[in-house]
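Letter by letter, the chains look like this.
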Amino acid sequence: VCRFCPRGSRLLAGAADGTLVLWDVQSLQLYRSGNVKDGSLVACAFSPNGNFFVTGSSSGDLTIWDDKMRCLYNEKAHDLGVTCCDISSNPVSDNESGFKYFQMASCGQDNQIKLWLILFADFLGVELKYKCTLNGHSAPVLACAFSYDGQMLVSGSVDKCVIIYETSTGNTLRTLSQHTRYVTTCAFAPHSHLLATGSMDKTVHIWQLDLKQPSAGNIVETESEVAVEDWSEDDVSAWLCAQDLADFVGLFKMNNIDGKELLNLTKEGLANELKIESLGLRSKILQKIEELRMTMSSVSVPVPDEFLCPITRELMKDPVIAADGYSYEREAMEHWISNKRRSSPMTNLPLHSLMLTPNRTLKMAITRWLETQQK
């Protein structure tokens, strides 16, 4: 995770080993470094004046630091780990004491979003005050962000929903459920009424907020995909490059292979018409084309989420159960572990064992589902 400070003079970076580093942007030199006491550093946010920042860890802690990397305050916030945090750009006055405070939001694996007040006073030091918990999500909340004026907060979750809250009351203004996979990121535009949400369904949605009717959010634009059979030769070339088959771009263009021709390619056609001699390469191309056909068939009938590997977000062929209780594609999880990662891809918590157990029940369910789709 990384964030620039508002003035752009510092860059904060946090890592899976719990280290955090402040870099001087102008000189590109290390300015300060530190460590969270436990877990991976998975979230960070600067105050509007850049004088302090907050970090969130996979162990569930929120920590306040000053710009000299001194730890000012620490509090356990989310039982199963923090996933994101944000600080409102507009400080708010406390009418009772006259202090200025900053609104902060945090979200976590416990399905919760919490609102906090960060108070600064010369004689009191720093204080993190819990304000309220915002409800509405039924699964871990992966992202949260304030609007430019701090009056609204948006969140995205594993439950595929985006929720917009009014920060002063905690009321839900709107629930948006157009995404078909986990919502992993969200952001309000500065000084305008646009909202962007991104998802593992490979789309970004842009929303126009109607302030006259705060409960209404209308989609302005979504990314639309061209059907494969309507692909041009250039679209096929781009697909080949994305599949690590760039060496065949010239051959496919020379034979005028567009989307319709691509879907109709056979083993004989690759050998006799395109003159691809290698059996291994022909098999690889046909496998990629078959995956493309499968993707097309799943457009109208979405693949059940539990059949998708949490790492690759693709349909699992050889599902295995890891020590965290989640199922993954064997190859993807083995690659995760081979890169010396000893934490769960889903929870960021340590894996107590690296043993992978075949999930035969899930594999049978996927096979039955595929058979019904082919019928």
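Values in this document were obtained by computation on a predicted structure and should not be read as measured data. (Residues numbered from 1 in each chain as written. Predicted model: local features only at pLDDT ≥ 70, side-chain atom pairs only at ≥ 80, totals over all residues. Heavy atoms only, no water.)

**Description of the overall build of the chain**
Consideration 1: Looking only at helices and strands, the chain has seven helices and 24 strands in total.
Consideration 2: Here the C-alpha coordinates of the chain stretch approximately 85 × 50 × 45 Å along the principal axes.
Consideration 3: Taken across its 375 residues, the chain has 45% of its residues classed as buried.
Consideration 4: Here the analysis covers contacts within the chain between residues at least 6 apart in sequence; of these, 41% occur between residues at least 24 apart.
Consideration 5: Accessible surface computed for the chain: about 19900 Å², of which carbon and sulfur atoms make up 51%. (Helix = DSSP H or I, 4+ residues; strand = E, 2+ residues; numbered from the N terminus. Buried < 20%, exposed > 50% of the residue type's maximum accessible area, 1.4 Å probe, protein only. Contact = heavy atoms within 4.5 Å. Areas by Shrake-Rupley, 256 points an atom, 1.4 Å probe, with all protein chains shown as cover.)

**Points about helix α1 (residues 233–242)**
Consideration 1: Here α1 has its buried residues at V236, S237, W239 and L240. Taken end-on, α1 shows its buried residues confined to a sector of 160 degrees, consistent with a single buried face.
Consideration 2: Immediately downstream of α1, the backbone of D244 shows phi near 60 degrees, a positive value. (Arc of directions from axis to C-beta.)

**Concerning the sheet that holds strand β6 (residues 52–57)**
Consideration 1: Strand order in the open sheet formed by four strands is β5-β6-β7-β8, and the pairing between neighbours is antiparallel. The open sheet terminates on both sides in strands that have one partner only, identified here as β5 (41–46) and β8 (71–76). The sheet shows a mean angle of 20 degrees between the axes of neighbouring strands, taken without regard to direction.
Consideration 2: Where β5 and β6 come together, five bridges link them in antiparallel fashion. (Pairing = 2+ DSSP bridges. Axes fitted to C-alpha atoms, helices over the stretch in contact; angles between N-to-C directions.)

**Quick look at unusual backbone geometry**
Consideration 1: Notably, N111 is not glycine yet its phi reads approximately 75 degrees, a positive angle.
Consideration 2: The topology assignment puts N111 in the loop between β11 (100–108) and β12 (113–121).
Consideration 3: With relative accessibility at 27%, the residue N111 sits in the partly exposed group.
Consideration 4: Non-glycine residue N348 carries a positive phi angle of around 70 degrees.
Consideration 5: By the element assignment, N348 lies in the loop between α6 (330–338) and β24 (357–358).
Consideration 6: N348 sits in the partly exposed class, given a relative accessible area of 27%.

**Describing the domain arrangement of the chain**
Consideration 1: When its domains are assigned, the chain resolves into domain 1 (2–208), domain 2 (228–297) and domain 3 (305–374).
Consideration 2: In this structure, domain 2 and domain 3 have C-alpha centres spaced 29 Å apart. (Domains from an automatic or database assignment.)

**So, the layout of surface pockets**
Consideration 1: Each pocket or cavity is described by its volume, and for the second largest pocket that value is around 700 Å³.
Consideration 2: Of all the secondary structure elements, the ones that give two or more residues to the lining of the second largest pocket are β1 (2–4), β5, β9 (82–87), β14 (141–146) and β18 (183–188).
Consideration 3: Among the residues making up the lining of the second largest pocket, the classes are represented as 24 nonpolar, nine polar and one charged.
Consideration 4: Counting residues domain by domain, the lining of the second largest pocket receives three or more from each of domain 1 (2–208) and domain 3 (305–374). (1 Å grid on protein atoms, 1.4 Å probe; cavity = no way out; pocket = protein on both sides within 12 Å on 5 of 7 lines; lining within 4 Å. Points joined across faces, edges and corners; volume = space filled by probe spheres on them. Nonpolar A, V, L, I, M, F, W, Y, C, P; charged D, E, K, R; others polar.)

**Some remarks on the side chain of Q103**
Consideration 1: With respect to the helices and strands, the residue Q103 is situated in strand β11.
Consideration 2: Beyond its immediate stretch of four places on either side in the chain, Q103 contacts D86, I87, S88, V92, W116, L117, K131, F146, G150 and T167.

**Looking at the UniProt feature "repeat: WD" (unreviewed entry) in the chain**
Consideration 1: Within the UniProt annotation, "repeat: WD" (unreviewed entry) is assigned to residues 1–33, 45–66, 134–175 and 176–210.
Consideration 2: Strand forms 58% of residues 1–33 and helix 0%; the C-alpha atoms that close the span are 15 Å apart.
Consideration 3: Counting secondary structure, residues 176–210 comes out at 0% helix and 54% strand; the distance between its end C-alpha atoms is 14 Å. (UniProt positions renumbered as here; feature names shortened; annotations may be inferred.)

**Side note on the nonpolar core**
Consideration 1: Residues V303, F307, Y328, M333, L356 and I366 are the most contacted members of the largest nonpolar core, which totals 22 residues.
Consideration 2: Elements that contribute at least two residues to this core include exactly α6 and α7 (360–374).
Consideration 3: Top element by residues in this core is α6. It accounts for four residues.
Consideration 4: A domain-level breakdown of this core finds at least three residues from each of domain 1 (2–208) and domain 3 (305–374).
Consideration 5: Filtering out sequence-adjacent residues up to four positions away, Y328 remains in contact with C309, P310, I311, M316, D318, P319, V320, A322, M333, S344, P345 and M346. (Core = buried A, V, L, I, M, F, W, Y, C linked by side-chain atoms within 4.5 Å.)

**Side note on the pairing of strand β7 (residues 61–66)**
It is a general feature of regular strands that their side chains alternate between the two faces of the sheet.
Consideration 1: Where burial is concerned, most of β7 is hidden: six out of the six residues are buried.
Consideration 2: The alternating pattern of β7 places D61, T63 and W65 on one face and L62, I64 and D66 on the opposite face, and all of these are buried.
Consideration 3: Bridge count between β6 and β7: five bridges; the pairing is antiparallel. Across the sheet, F53 pairs through a bridge with W65, a residue of β7.

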